[in-house]
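Structural characterization, general
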Amino acid sequence: MGRFDGRGAIVTGGALGIGGGCARIIAADGAGVLIVDINEESGASNVNRIREAGGKAEFMAGDVAQESVAAEMVEKAVSTFGRLDLLVQNAYGGGAGSAGSAVEVRPEAWHRGMDLLVGALYLGAKFGVPAMEESGADPEFDPGPWEGAGRRHGDPPAQNVGRIVNISSVHGILNSPRSMIYEAGKAAVIGLTRQMAVDFGPLGITVNAIAPGHIVTERGESMWSETGNDAGFRLFELHYPVRRTGVPEDIANAVAFLCSNEASFITGQTLAVDGGMTIQLQEDIVMDTKDYIAANPDLRTHFDNRDGSTSRW
Ligand SMILES: NC(=O)c1ccc[n+]([C@@H]2O[C@H](COP(=O)([O-])OP(=O)(O)OC[C@H]3O[C@@H](n4cnc5c(N)ncnc54)[C@H](O)[C@@H]3O)[C@@H](O)[C@H]2O)c1
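What you see is a predicted model; the values in this text were computed from it and never measured.

**Side note on the environment of Gly232**
For Gly232, the location among the structural elements is in helix α7 (residues 230–238). For Gly232, a relative accessible area of 0% corresponds to the buried category. Gly232 sits 111 residues away from Leu121 along the chain, and the two C-alpha atoms are 34 Å apart. Beyond its immediate sequence surroundings of up to four residues, Gly232 is in contact with Trp224, Leu299, Arg300 and Thr301.

This is the structure:
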């Protein structure tokens, strides 16, 4: 028995990377997973991977920032799996002109960035929450005799009707220079998650966010091999108390926990899944890093410019 047997799930941006891992892990735990992505080739190949492993998955092509796509993905999940229980909102792909300060970014890039980083999550919930309500609570869920303070009010509250997990970032908690769109968008995901948790908690739907640290995805691997080297990667890892960066499965396992019945009393939270990166005092890290850089003058990272400079200012 998987934790999600019989349930219907949507993973946006589930073709590759973190979303790809989320789709695989949720499907391996029994859910039928609809992957919604603009990358048709990788989406189809992740669906095949899930099916070959014995899981249930379907693909839908679409840009989740579009209202019609958000509506269609919910309809498709319900028509394919008979219900919608889990919504993992993960899709993001950067975009031309998305880097820069408020002075530098163009209004079109700002609007496009906010539409995808924040607007898509609003739209997913707008159409997804009524479908979760319609589907009702997990049929396998037996709450047992109702106990606790709510008991004196009569019927037990709705539980395990739905789960929404929004992917924010450590960039929603801390800020990098000249990254206004991404940082503001990911911070907004945290606020939007709390608002949705307050609004949908009474329906039995929990809403949480994950703030991943540096996760090396398929795309990350190719970025690293373009400009980085081993010494640069090691420098990155030294900034993590656990001395490694993450893999998509690190995030997917946390997402699956937040989707489980065991997490029914957790809502509105942002869980940093970052190997402890955001709990450290920055000034000490800078001092410790100095020696490593002095000993490895040829290090290159994936943040380096092609001319070898690293400056983002
Ligand atoms: N990788 C990291 O280190 C990291 C760290 C923190 C947060 N995140 C967040 O995690 C999420 C996934 O990141 P990733 O690194 O796996 O990215 P990725 O580029 O590897 O995968 C993103 C997926 O989203 C899809 N996508 C992009 N725009 C879309 C759209 N408009 N509609 C539908 N699908 C779309 C892409 O095609 C791709 O399959 C993003 O929200 C990202 O901001 C990533």
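**Quick word on the site of the ligand**
Around the ligand there are 28 residues in total, and Ile18, Asp37, Tyr182, Ile215 and Arg219 lie nearest to it. At 3.5 Å from an oxygen atom of the ligand is found a main-chain nitrogen or oxygen belonging to Gly213. A distance of 2.8 Å is found between an oxygen atom of the ligand and a backbone nitrogen or oxygen belonging to Ile215. Burial of the ligand by the surrounding chains reaches 92%, relative to a free accessible area of 820 Å². Counting only elements with at least two residues in the shell around the ligand, the list comes to α1 (17–28), α4 (107–135) and α5 (180–200).

**With respect to the state of the cysteines**
Considering all chains together, one arrives at 0 disulfides under this definition. Cysteine Cys259 shares no disulfide, and the gap to the nearest cysteine sulfur, in Cys22, comes to 8.2 Å. For Cys259, a relative accessible area of 0% puts it in the buried group.

**Brief notes about the sheet that holds strand β5 (residues 162–167)**
Note on sheets: strands pair through backbone hydrogen bonds, and any given pair is parallel or antiparallel. Taking strand neighbours across the sheet as the criterion, the 7 strands line up as β3-β2-β1-β4-β5-β6-β7 in an open arrangement whose pairing is parallel. Both outer strands of the open sheet, β3 (56–61) and β7 (270–273), are each paired with one neighbouring strand and no more. Each strand axis lies, on average, 20° off the axis of its neighbour in the sheet, ignoring direction. When strand β1 (residues 8–12) meets strand β4 (residues 86–89), the two strands line up parallel, connected through 3 bridges. The partner of Val11 across the bridge, within β4, is Val88. Contacts between α1 and the sheet are confined to β1, β2 (32–37), β3, β4 and β6 (205–212), with β1 contributing the most and set at about 170° to the helix.

Rules behind the numbers
Residues numbered from 1 in each chain as written. Predicted model: local features only at pLDDT ≥ 70, side-chain atom pairs only at ≥ 80, totals over all residues. Heavy atoms only, no water. Helix = DSSP H or I, 4+ residues; strand = E, 2+ residues; numbered from the N terminus. Buried < 20%, exposed > 50% of the residue type's maximum accessible area, 1.4 Å probe, protein only. Contact = heavy atoms within 4.5 Å. Near = heavy atom within 4 Å. Polar contact = N/O pair within 3.5 Å; in protein donor to acceptor, adjacent residues only side chain to side chain. Areas by Shrake-Rupley, 256 points an atom, 1.4 Å probe, with all protein chains shown as cover. Disulfide = S-S within 2.5 Å. Pairing = 2+ DSSP bridges. Axes fitted to C-alpha atoms, helices over the stretch in contact; angles between N-to-C directions.

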